[in-house]
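# Structure at a glance
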Amino acid sequence: CPYTQQVDIYEFDGTQFHKRHTLDEHEQLVSGIDWASERNLIVTCAHDRNAYVWQKNGDKWEPQMTLLPAHMDRAALCVKWSPSESKFAIGSGSKSVAVCYYEEENNWWITKVIRKKHNSSVTCLAWHSNNWMLATGSSDYKCRIFCAAIKNVDAGAKGKFGELLME
């Protein structure tokens, strides 16, 4: 990101990089980006409190917006795909984490929120390899581990969504 509301994608030809695409749907500074390499999807989040999942269609990257809940009234700060690439998490300045997953029936990214557990902005995220435990780092100097299991997405997960497992 060139520290703007755009994301530039480059291709390496073996000797140098060439700019191939610009993703420019965000209205404010892009603060997080992650790539799902197996599915070739990119997710971006920004200070405009929006997230986009980008899918390559031919030679063009097409965005699909993920609406974040109204109570997430601060910037989206970080984003991370789960290991299975079936969902992603977004940390925000509103002391909460949105876990987003795709719902085929509605052709839309659905959001569930872990809130009222952080005392400050959520600035970093990391998934466990089991795909349902999520570690968060916050500017309240604490790391927390949550159950981020989504029914119909995470088979065999133990625990209830949003449950604080460790602080």
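### What to know about the pattern of salt bridges
- The full count for this structure, using the stated rule, is 7 salt bridges.
- One salt bridge connects Arg-74 with Asp-73, and the closest N-O pair in it is separated by 3.8 Å.
- Judged by its relative accessible area of 49%, Arg-74 is partly exposed.
- Its relative accessible area of 41% is what places Asp-73 among the partly exposed residues.

### So, the side chain of His-118
- When you line up the elements, His-118 lands in the loop between strand S10 (108-114) and strand S11 (122-127).
- Of the polar contacts made by the side chain of His-118, one reaches the side chain of Thr-136; its length is 2.8 Å.
- What His-118 contacts, discounting residues up to four positions off in sequence, is Lys-95, Val-97, Thr-136, Ser-138, Asp-140, Arg-144 and Phe-146.

### Quick look at the sheet that holds S11
- On the basis of which strands lie adjacent, the open sheet formed by 4 strands has the order S11-S12-S13-S14 and antiparallel pairing. In this open sheet, the two strands that pair with only one neighbour each are S11 and strand S14 (164-166). Taking each pair of neighbouring strands and ignoring which way they run, the sheet shows an average axis angle of 35°.
- Where strand S13 (residues 143-147) meets S14, 2 bridges bridge the pair, whose relative direction is antiparallel. Bridging from a neighbouring strand, Phe-146 pairs with Leu-164 of S14.

### Some details on the environment of Met-72
- Topologically, Met-72 is positioned in the loop between strand S6 (60-66) and strand S7 (76-81).
- The spacing of Met-72 and Thr-111 is 39 residues in sequence and 11 Å in space, taken between C-alpha atoms.
- Residues within four places of Met-72 in sequence aside, it is in contact with Arg-49, Ile-90, Ser-92, Ser-94, Ser-96 and Ala-98.

### Re the environment of Glu-38
- Mapped onto the elements, Glu-38 comes out in the loop between strand S3 (30-36) and strand S4 (41-46).
- C-alpha separation for the pair Glu-38 and Pro-83, spaced 45 residues apart in sequence, amounts to 10 Å.

### Digging into the nonpolar core
- Val-53, Leu-68, Trp-81, Phe-88 and Ile-90 are the most contacted members of the largest nonpolar core, which totals 16 residues.
- Elements that contribute at least two residues to this core include exactly S4, strand S5 (51-57), S7, strand S8 (87-92) and strand S9 (97-103).
- Here Val-53 is in contact with Leu-41, Ile-42, Val-43, Glu-62, Pro-63, Gln-64, Thr-66, Trp-81, Phe-88 and Trp-109, once residues within four sequence places are set aside.
- In this structure, Ala-89, Tyr-101, Phe-146 and Ile-150 belong to the second largest nonpolar core, which totals 14 residues.

Calculation criteria
- Residues numbered from 1 in each chain as written.
- Predicted model: local features only at pLDDT ≥ 70, side-chain atom pairs only at ≥ 80, totals over all residues.
- Heavy atoms only, no water.
- Salt bridge = Lys/Arg side-chain N within 4 Å of Asp/Glu carboxyl O.
- Buried < 20%, exposed > 50% of the residue type's maximum accessible area, 1.4 Å probe, protein only.
- Helix = DSSP H or I, 4+ residues; strand = E, 2+ residues; numbered from the N terminus.
- Polar contact = N/O pair within 3.5 Å; in protein donor to acceptor, adjacent residues only side chain to side chain.
- Contact = heavy atoms within 4.5 Å.
- Pairing = 2+ DSSP bridges.
- Axes fitted to C-alpha atoms, helices over the stretch in contact; angles between N-to-C directions.
- Core = buried A, V, L, I, M, F, W, Y, C linked by side-chain atoms within 4.5 Å.

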